[in-house]
Amino acid sequence: MKLKDFRKETSNKRRVKVWFFILGIIFCVLLLAAGKKAVYYTSSDKYCMSCHVHPVAEQNWKLSTHYNNKSGTIVHCVECHLAPEGHGYILTKAKHGIKDLYGYIFKDSAKINWDAKKLLENARKFVYEKSCIECHQNLFPVTLSVDGNNAHLFYSESKEKLNCINCHLQVGHFDKYIKHK
């Protein structure tokens, strides 16, 4: 093989490698962009309600203070029911998504005891304390009542693990049978 032919063949191999490298980068960027869009889309309230088997979840949410309030702020499903971004968001999203999809496909929602699901013990499994604190960083606003101030002081100084929903169980999904504070 002549030196000139050897150099030409080597040059062609390099060009092929460079093109494969460039195509690989483009493919990775497109894959990441599609993944980001998929995460965004599957985080919408509309998507959650598309296969959520709870018969009145959306209606109760729209009656709650996390939807219907003086400030006009709407708290979306994923803001309470998934860990905040950076705190295992994708993992909890996958875990709950698989569980909800399984329930949608294989369970009869008419046979689920929805009243038991509303109990504090069960609600703790679906509401993340970090998510509450993410939005409610100031536990002592000037508009807080004396009782609220005392309760938040107890919460912040307690040695045992307390959850916001211990006292605020009704804020995400309105329930006419729960005493509202």
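Before reading on, note that the structure itself is shown above.
Residues numbered from 1 in each chain as written. Predicted model: local features only at pLDDT ≥ 70, side-chain atom pairs only at ≥ 80, totals over all residues. Heavy atoms only, no water.

## With respect to the pattern of salt bridges
Logical step 1: Scanning the entire structure with this criterion turns up two salt bridges.
Logical step 2: Among the salt bridges present, the one from glutamate 58 reaches lysine 62, with a minimum N-O distance of 3.4 Å. Highlighted residues: glutamate 58 and lysine 62, both in helix H3 (residues 57-63), separated by four residues, approximately one helical turn.
Logical step 3: When the shortest N-O distance is used, the salt bridge between lysine 118 and aspartate 115 registers 3.5 Å.
Logical step 4: Judged by relative accessible area, which is 33%, lysine 118 ranks as partly exposed. (Salt bridge = Lys/Arg side-chain N within 4 Å of Asp/Glu carboxyl O. Helix = DSSP H or I, 4+ residues; strand = E, 2+ residues; numbered from the N terminus. Buried < 20%, exposed > 50% of the residue type's maximum accessible area, 1.4 Å probe, protein only.)

## Section: the layout of surface pockets
To locate leftover empty space, one rolls a probe as large as a water molecule over the atoms.
Logical step 1: Looking at the second largest pocket, its volume works out to about 200 Å³.
Logical step 2: Around the second largest pocket, the lining residues are Lys36, Val39, Tyr40, Tyr41, Ser43, Ser44, Glu85, Tyr89 and Ile90.
Logical step 3: Among the elements of the structure, helix H1 (3-41) and helix H5 (89-106) are those that each provide at least two residues to the lining of the second largest pocket.
Logical step 4: In terms of residue count, the dominant contributor to the lining of the second largest pocket is H1 (four residues).
Logical step 5: Among the residues making up the lining of the second largest pocket, the classes are represented as five nonpolar, two polar and two charged. (1 Å grid on protein atoms, 1.4 Å probe; cavity = no way out; pocket = protein on both sides within 12 Å on 5 of 7 lines; lining within 4 Å. Points joined across faces, edges and corners; volume = space filled by probe spheres on them. Nonpolar A, V, L, I, M, F, W, Y, C, P; charged D, E, K, R; others polar.)

## Some remarks on a nonpolar patch on the surface
Logical step 1: Side chains of Val18, Trp19, Phe21, Ile22, Leu23, Ile25, Ile26, Val29 and Leu30 sit close together on the surface and give an oily, nonpolar patch of about 900 Å² of accessible area.
Logical step 2: Locating isoleucine 22 in the fold gives a position in helix H1.
Logical step 3: Isoleucine 22 gets classed as partly exposed once you look at its relative accessible area, which sits at 33%. (Patch = residues over 30% accessible without salt bridge, like charges linked within 9 Å, V, L, I, M, F, W, Y side chains within 5 Å. Areas by Shrake-Rupley, 256 points an atom, 1.4 Å probe, with all protein chains shown as cover.)

## With respect to empty space enclosed by the protein
Logical step 1: Applying the stated criterion across every chain yields a total of one cavity of 30 Å³ or more.
Logical step 2: Considering only enclosed or pocket space, the largest cavity measures out at about 30 Å³ in volume.
Logical step 3: Considering only residue class, the lining of the largest cavity consists of five nonpolar, one polar and two charged.

## Quick notes on the packing of aromatic side chains
Logical step 1: Summed over all chains, the structure comprises three aromatic pairs.
Logical step 2: For the pair tyrosine 41 and tyrosine 47, a centre-to-centre distance of 5.3 Å together with 65° between the ring planes defines the contact as edge-to-face.
Logical step 3: We classify tyrosine 47 as partly exposed; its relative accessible area is 32%.
Logical step 4: Judged by centre distance (4.7 Å) and plane angle (70°), the ring pair of tryptophan 61 and tyrosine 67 falls under edge-to-face. (Phe/Tyr/Trp six-rings, centres within 6.5 Å; stacked < 30°, edge-to-face > 60°.)

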